[in-house]
Structures are given as C-alpha cells and as structure tokens.
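# Examination of the molecular architecture
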Amino acid sequence: MMKKWYSKLGRLWLFSLLFLAPQAHPAVPIQEGTLAYRGAGTAAEARLRLLATAETFLGVPYRFGGVDRRGMDCSGFVYVSFREALRYTIPRTSVAMYNWAQRIPVSELQPADLVFFVTVGARVSHVGIYIGDGRFIHSASDGPNTGVIISRLDESFWRRTFRSAGRALPWDEGIARDMAALTQRGSAMRAWWPVPRQQSGPAASVAPARPSPTWADPGFFAGLGTAWIWGGGGEGTPSAFRGISAMASAGYRGPAYRVGLEIRPQWDDSLGVLRLPLTLFLGTDRFQFFAGPAYIFGEPGFDLESGQRRYYNGWLWELGFSAAFSPIPIGPGGLSLFGELAWQSYQRQEGHNFSLRPDVAANIRLSTGLRYFWRL
C-alpha cells in the first residue's frame with residue numbers, strides 16, 4: 001500500500017516539475033496589478049520611476065558582471081534599474097532579457113521600453129532603456145565614453161548593430177495620457193525625456209522605490225526545498241521512489257560563492273528510518289559540496305530474500321555533491337531544480353558480510369527536487 005502511494009506521489013511530483021516550474025518566470029508585459037502590489041503604482045508611474053532611477057546611475061563606470069554603483073555592465077544596469085525602481089526582478093543577461101521581453105516594432109518604442117543590439121558575435125549582446133526622442137540610456141563598455149551614458153539610436157554604430165525593441169511594462173493611449181499628466185506636475189524636467197527632477201509635491205508619487213534585496217546581491221540568505229529520493233530498483237529497493245526529504249538553509253552569499261548550514265530531514269522508506277542530517281555546505285548557485293553528521297531514528301535494514309539485513313542506527317556521516325539549473329529569479333530570491341548524490345556511512349551489524357547491491361543501496365543516496373533561496 002505504501003509503495004503504491006509513493007509511486008503515485010512520485011508521478012505527480014514529476015508532472016509538477018515539468019509543467020509548473022516553467023511558469024515561474026514573470027509574465028511580460030508586467031501586469032498593473034503586480035506593479036501596484038510591489039508599490040510601483042500605475043503603469044505610467046512605473047515607467048517614470050524606471051526612467052528616474054536609470055538617470056541616477058549616469059556616470060557609473062562599466063564593470064563586467066557589476067550590479068552596483070562601483071560598476072555595471074549593460075544588463076546589470078537594466079537589471080538594477082528594474083529592481084530599485086519597481087522592486088521587480090527581471091532576467092539578468094541581455095540574451096535572457098531579449099527572450100523575456102515582448103518584441104515590438106521600433107516604430108512603437110516608448111520611454112521605458114528596452115532596446116537590444118548585436119555588438120559582438122551573432123546573438124544579442126547589449127541592452128539599454130529607451131528614453132524618448134531617439135535616445136537610450138545604457139552602460140557602454142567601449143567607445144569614446146564608457147559606463148552609464150546616453151546615446152542615440154541613429155548613431156552609425158548603434159544603427160548598424162540594432163536588433164530589436166522590447167516591452168516589459170504595459171502601454172496604451174491611456175498610459176500615455178497619464179504620463180503626460182504626471183510630468184506636467186513636475187517643476188523641472190529634462191528636455192529629452194519627461195522625468196520629474198524634484199521629489200516633493202505631486203511628483204513624489206513617481207520617485208524611485210526603495211531598493212529591496214534580490215538573490216543576485218551579496219548578503220545573508222535563507223532557503224527551503226523539497227526533494228524525492230530515488231531507489232535503485234534492485235533487491236532491498238524495488239521501487240523507483242525510495243523516500244522524500246526537505247531542507248532548510250541559512251548562510252552567506254558572496255559575489256561568487258555561498259556558504260552556510262542546512263538541516264535536511266529525510267524519510268527513507270526502503271530502510272525504514274528517519275534521518276536528520278545537519279550539514280555545512282560550500283559552493284555556487286550551480287554546484288555545491290556538503291558534509292556533516294546525521295542522526296538515525298529507527299532500525300535501518302532491508303528485508304531480502306536471504307533474510308533480514310541490518311545496519312547500526314545512531315550517528316553516521318553524510319557527504320555529497322549537488323548540481324542545479326540556474327535559478328529563476330522570483331521576488332527576492334531564486335528557484336531552481338537540483339540533483340544530489342550523497343554517501344551515508346551505514347555500518348553493517350555483526351554477522352553480515354559485505355553484499356554489493358544492498359550495501360551500495362544503503363550508503364548511496366540520489367535525490368532530485370526544487371529549492372528556493374532568498375536574500376534576507
């Protein structure tokens with residue numbers, strides 16, 4: 001009965017991974033309800049917020065992979081502008097932004113839309129924010145001026161490398177009227193785009209939002225996850241679905257690594273035990289190593305055709321390696337699919353000689369699942 005229940009739950013789990021996880025990417029254009037929920041106001045206010053925030057980065061130097069005022073690359077500039085203006089996490093690279101944004105004709109470009117270029121190779125490699133009057137703001141890596149600057153689409157280089165325009169925020173005639181009404185209340189405006197310069201009175205409603213942390217930022221984080229433990233399909237582990245596990249994490253994320261502690265309760269139906277490991281992990285978003293002690297509740301063992309095979313309970317060691325897909329940005333964190341291979345130091349009780357298949361099945365754990373980490 002238990003095996004049938006596990007089998008059905010396992011199929012449901014796989015179905016959810018295949019069909020529900022891809023829907024975690026945000027919809028484009030970003031809906032007005034989402035903007036209001038995040039404190040960005042109406043679509044018109046959101047566009048003005050984005051432009052006003054982008055302007056504050058003018059003069060920031062170019063730095064490959066940079067996402068702060070010490071330096072930004074082109075996609076980092078757009079990424080941080082959306083995050084700080086709208087509290088919204090968008091894809092991180094120019095190619096990912098190009099695939100994410102709604103494609104529009106260049107004739108329909110409006111302030112706060114995106115512009116994409118192919119400056120090297122055959123794929124999109126540069127992105128900027130359109131500000132109106134044929135101009136866009138971006139972080140340039142080469143040329144007479146670098147860093148966050150304003151350029152024109154009709155300049156020879158940008159005209160030659162232009163690929164497409166993209167839309168991430170809603171637009172219609174009503175939004176255009178709202179933007180015009182909001183900018184008319186501003187006491188000072190740039191001549192080349194309608195962004196209020198003062199943050200008092202009616203114009204304060206379009207001030208850049210307070211930055212909120214995202215998974216891309218260094219700092220302390222927490223995480224939760226769940227996974228399915230797979231069986232070996234052999235003697236002692238006849239079912240493909242061997243058990244389930246959960247995880248709760250806390251640690252520190254640096255620019256190129258993360259380190260922390262993780263508690264990972266695991267129910268192993270084949271051995272009939274509950275494991276409670278506490279592991280230290282070190283790695284990146286994609287790969288990590290972990291090791292630590294685990295306490296075993298229950299009497300671990302297999303019921304084999306040759307008889308019962310038992311292992312000692314109490315404390316053991318667990319160490320392993322996990323690999324994951326790149327996290328999908330969602331809110332202040334990232335969601336990813338991962339797989340894990342771990343070794344568990346079960347010791348045979350006296351009277352049991354080494355037997356390859358059950359002993360390997362007892363000591364090796366293979367899991368796949370979902371985990372979500374977020375910045376604190």
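Residues numbered from 1 in each chain as written. Predicted model: local features only at pLDDT ≥ 70, side-chain atom pairs only at ≥ 80, totals over all residues. Heavy atoms only, no water.

Of all six residues in strand β6 (residues 135–140), five are buried, a share of seventy percent or more. As paired elements, strand β5 (residues 126–132) and β6 share three bridges and run antiparallel to each other. Across the sheet, tyrosine 130 pairs through a bridge with phenylalanine 136, a residue of β6. Counted between consecutive antiparallel strands, the loop separating β5 from β6 contains two residues, among which aspartate 133 sits at a positive phi close to 55 degrees. (Buried < 20%, exposed > 50% of the residue type's maximum accessible area, 1.4 Å probe, protein only. Helix = DSSP H or I, 4+ residues; strand = E, 2+ residues; numbered from the N terminus. Pairing = 2+ DSSP bridges.)

Where strands meet in a sheet, backbone hydrogen bonds hold them as pairs that are either parallel or antiparallel. If you walk across this open sheet you meet the six strands as β3-β8-β4-β5-β6-β7, and the pairing is antiparallel. Pairing within the sheet leaves two strands with one partner each, and these edge strands are β3 (102–104) and β7 (147–152). Ignoring strand direction, the axes of neighbouring strands in this sheet form an average angle of 35 degrees. Both β6 and β7 contribute to a ladder of six bridges, which runs antiparallel. (Axes fitted to C-alpha atoms, helices over the stretch in contact; angles between N-to-C directions.)

It is worth spelling out the packing of helix α3 (residues 43–55) against helix α4 (residues 74–86) at this point. Look at α3 against α4: their axes get within 9 Å of each other, and the N-to-C directions meet at 125 degrees. Put simply, α3 runs oblique to α4. Crossing of α3 over α4 shows right-handed handedness. Across the interface between the two elements, Ala46, Arg49, Leu50, Thr53 and Ala54 of α3 pack against Phe77, Ser81, Phe82, Glu84, Ala85 and Leu86 of α4. Here the contact of α3 with α4 is composed, by residue class, of seven nonpolar, two polar and two charged. (Parallel < 35°, antiparallel > 145°, perpendicular 65-115°, else oblique. Left-handed = near helix turned anticlockwise from the far one by under 90°. Contact = heavy atoms within 4.5 Å. Nonpolar A, V, L, I, M, F, W, Y, C, P; charged D, E, K, R; others polar.)

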